[in-house]
Amino acid sequence: MDLGVRWKLHGDGRTPAPGAVVRPDERLSWPRTVGLGAQHVVAMFGASFVAPVLMGLDPNLAIMMSGVATAIFLLATRGRVPSYLGCSLSFVGVAAVIRAQGGTSATVTGAVLVVGVVLFLVGLAVQRFGARIIHAAMPPIVTGAVVMLIGFNLAPVTAATYWPQDQWTALLVMLFTGLAVVCLRGFWSRIAIFLGLVFGYGVSWAFDRIFGKIHSMSPGGKVTDHWRLDLSGVSKADWIGLPHFHGPSFQWSAVLVALPVVIALVAENAGHVKAVGEMTGDPLDDKLGTAISADGVASVLSTAVGGPPNTTYSENIGVMAATRVYSTAAYWAAAGFALLFGVCPKFGAVVAAIPGGVLGGITVILYGMIGLLGAQIWLNARVDLRNPLNLVPAAAGIIIGVGNVSMKFTSTFSLSGIALGTLVVITGYHALRAFAPAHLKTQEPLLDEGTSTYDAQEAPRAKS
């Protein structure tokens with residue numbers, strides 16, 4: 001069985017020839033391949049470490065399971081889809097809502113585990129019936145609206161939790177990160193979040209030396225005098241040791257909050273597979289279902305031991321585009337580095353010590369970017385928001401999701417925010433479409449314009 005773990009040496013093993021690319025089944029020399037693997041870890045570092053911290057989960061376990069998830073993904077896709085799987089930011093809002101309802105880390109991981117199972121089943125369905133079933137259930141207007149409300153639902157977390165801890169550091173970090181994203185080029189722009197974290201660390205340390213302790217909200221939620229940057233936990237942490245594992249706990253209310261994120265993950269995987277296929281010149285339409293299922297399996301495994309869910313990372317697509325190296329050998333090296341970082345508690349302590357003000361500046365941009373990905377889906381699919389069939393369910397669902405509107409059905413069961421907003425978008429769209437006049441029912445491509453070829457290629461299979 002070909003598992004995609006054999007690579008041919010590309011050229012002289014040093015650099016790709018002008019205009020050439022290193023294909024997934026090729027590699028450069030091993031020292032260069034290992035170096036590229038380290039580069040991929042740095043590229044995903046910012047989001048993949050910030051996400052578990054924001055979710056209240058162990059960052060060491062998160063990075064360890066991201067390495068495991070990447071290995072699972074590469075094996076499942078037989079080495080044809082180069083990708084790094086890191087902690088998904090789409091679940092940050094879900095974790096915040098679940099914890100606000102009294103949920104624990106076990107409740108969060110239990111709810112997300114169910115999402116991983118559903119994602120796995122969606123992948124199997126795509127393999128069996130073709131990607132047109134995604135189009136039927138989640139056209140671009142629905143997908144974009146759900147991604148948007150998931151991102152913008154996080155705004156109160158930044159405004160009420162992180163920004164007040166140190167508003168001036170937050171402002172400086174926001175400005176620096178924004179400049180890094182816009183002004184830097186190539187690889188450096190791809191690690192703008194990481195650079196923002198490093199800058200924030202430096203600013204917090206300098207402000208502590210210059211101004212002393214700050215009187216503001218602490219990470220525990222109390223207004224006290226405290227240091228902006230507290231590294232006491234780093235000196236106490238061991239250099240080598242296993243992260244903290246815990247089992248999941250299942251609550252229906254938490255599961256219902258988390259399920260809408262399936263839509264975002266399907267969109268992320270579809271976009272990733274299409275982008276990689278276009279860059280490598282290898283049509284990967286037949287691997288969409290496999291990629292989705294592999295993501296689901298990896299997330300189930302991670303959350304089963306207390307880690308966060310995983311998804312494909314666009315930051316690493318940027319690294320591939322900049323280096324023209326698509327070798328899956330580099331991703332195996334990246335997975336190895338992730339496993340090593342995962343067994344270094346001191347490294348995790350450094351991540352856990354990120355000052356609240358730094359997270360405030362980072363999340364202002366990060367959460368907004370998540371929400372605006374929904375708008376990008378609409379733009380790519382040329383969704384017509386002048387059409388009331390598109391406008392009404394999206395408008396209603398987004399306001400419900402962002403405003404955290406709640407509906408109480410019984411004394412023990414209610415829906416609010418992300419869950420209720422998603423339900424309104426999906427059911428509202430399909431219900432309105434059933435009664436809408438023919439001229440409003442326009443045909444839309446799948447998720448984005450680039451993946452519309454799935455419909456044509458899968459049509460005979462879907463009809464069988």
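As shown above, the structure is provided for reference.
Presented here is an overview of the structure given in this document. (Residues numbered from 1 in each chain as written. Predicted model: local features only at pLDDT ≥ 70, side-chain atom pairs only at ≥ 80, totals over all residues. Heavy atoms only, no water.)

1. Re the packing of helix α8 (residues 167–183) against helix α18 (residues 356–381)
Here α8 crosses α18 at 45 degrees, and the two axes come no closer than 7 Å. Taken as axis vectors, α8 and α18 run oblique relative to one another. Read as a crossing pair, α8 and α18 show a hand that is right-handed. Residues Thr169, Ala170, Val173, Met174, Thr177 and Gly178 of α8 touch α18, and the partners they reach there are Gly357, Val358, Gly360, Gly361, Ile362, Val364 and Ile365. For the contact of α8 with α18, a count of residues per class yields 7 nonpolar, 6 polar and no charged. (Axes fitted to C-alpha atoms, helices over the stretch in contact; angles between N-to-C directions. Helix = DSSP H or I, 4+ residues; strand = E, 2+ residues; numbered from the N terminus. Parallel < 35°, antiparallel > 145°, perpendicular 65-115°, else oblique. Left-handed = near helix turned anticlockwise from the far one by under 90°. Contact = heavy atoms within 4.5 Å. Nonpolar A, V, L, I, M, F, W, Y, C, P; charged D, E, K, R; others polar.)

2. With respect to α8
In this model, α8 (17 residues) spans 24 Å end to end at C-alpha, consistent with the 24 Å of a helix rising 1.5 Å per residue. Inspection of α8 places Thr169, Ala170, Val173, Thr177 and Ala180 among the buried residues, and these make up the whole buried set. Taken around the axis of α8, the buried residues stretch over an arc of 95 degrees, which confines them to a single face. Facing away from the buried surface of α8 by more than 90 degrees, the exposed residues are Trp168, Leu179, Val182 and Cys183. (Expected span 1.5 Å × (residues − 1). Buried < 20%, exposed > 50% of the residue type's maximum accessible area, 1.4 Å probe, protein only. Arc of directions from axis to C-beta.)

3. Some details on the environment of Met217
Mapping Met217 onto the fold places it in strand β4 (residues 214–217). Using a relative accessible area of 22% as the deciding quantity, one classes Met217 as partly exposed. Between the alpha carbons of Met217 and Gln165 there is a distance of 4.9 Å; along the sequence they are 52 residues apart. Those residues in contact with Met217 that lie beyond four places of it in its chain are Ala160, Thr161, Pro164, Gln165, Lys222, Val223 and His226.

4. Some thoughts on the packing of aromatic side chains
On inspection of all chains with the given rule, the structure shows 3 aromatic pairs. Here the aromatic rings of Phe176 and Phe199 are separated by 4.2 Å at their centres, their planes lie at 5 degrees, and the arrangement is stacked. Taken together, the residues Phe176 in helix α8 and Phe199 in helix α10 (residues 192–211) connect sequence positions 23 residues apart. The exposure class assigned to Phe176 is partly exposed, which follows from its relative accessible area of 30%. Judged by its relative accessible area of 27%, Phe199 falls in the partly exposed class. Pairing Phe207 with Phe211 gives two aromatic rings, centres 5.4 Å apart and planes at 75 degrees, and the pair type is edge-to-face. In this pair, Phe207 and Phe211 are both assigned in helix α10, 4 residues apart and thus about one turn of the helix distant. (Phe/Tyr/Trp six-rings, centres within 6.5 Å; stacked < 30°, edge-to-face > 60°.)

5. Details of the pattern of salt bridges
Here the structure, examined in full by the defined rule, presents 3 salt bridges. One salt bridge in this structure joins Asp208 and Arg228, with 3.0 Å as the shortest N-O distance. Remark: Arg228 occurs in the loop between β5 (223–226) and α11 (232–236) and Asp208 occurs in helix α10; sequence separation between them is 20 residues. Residue Asp208 shares its accessibility class with Arg228, and that shared class is buried. The network of salt bridges with common partners includes Asp166, Asp208 and Arg228. (Salt bridge = Lys/Arg side-chain N within 4 Å of Asp/Glu carboxyl O.)

6. Concerning unusual backbone geometry
Trans is the prevailing form of peptide bonds, just as negative phi is the prevailing case for residues other than glycine. Look at Arg78: it is not a glycine, yet its phi comes out positive at around 55 degrees. Within the secondary structure layout, Arg78 lies in the loop between α2 (59–76) and β3 (85–87). Not every positive phi belongs to a glycine, and Arg382 is a case in point at roughly 55 degrees. Turning to its location among the elements, Arg382 is positioned in the loop between α18 and α19 (388–403). Arg382 gets classed as exposed once you look at its relative accessible area, which sits at 62%.

Function cannot be read off these values alone, since they describe shape.
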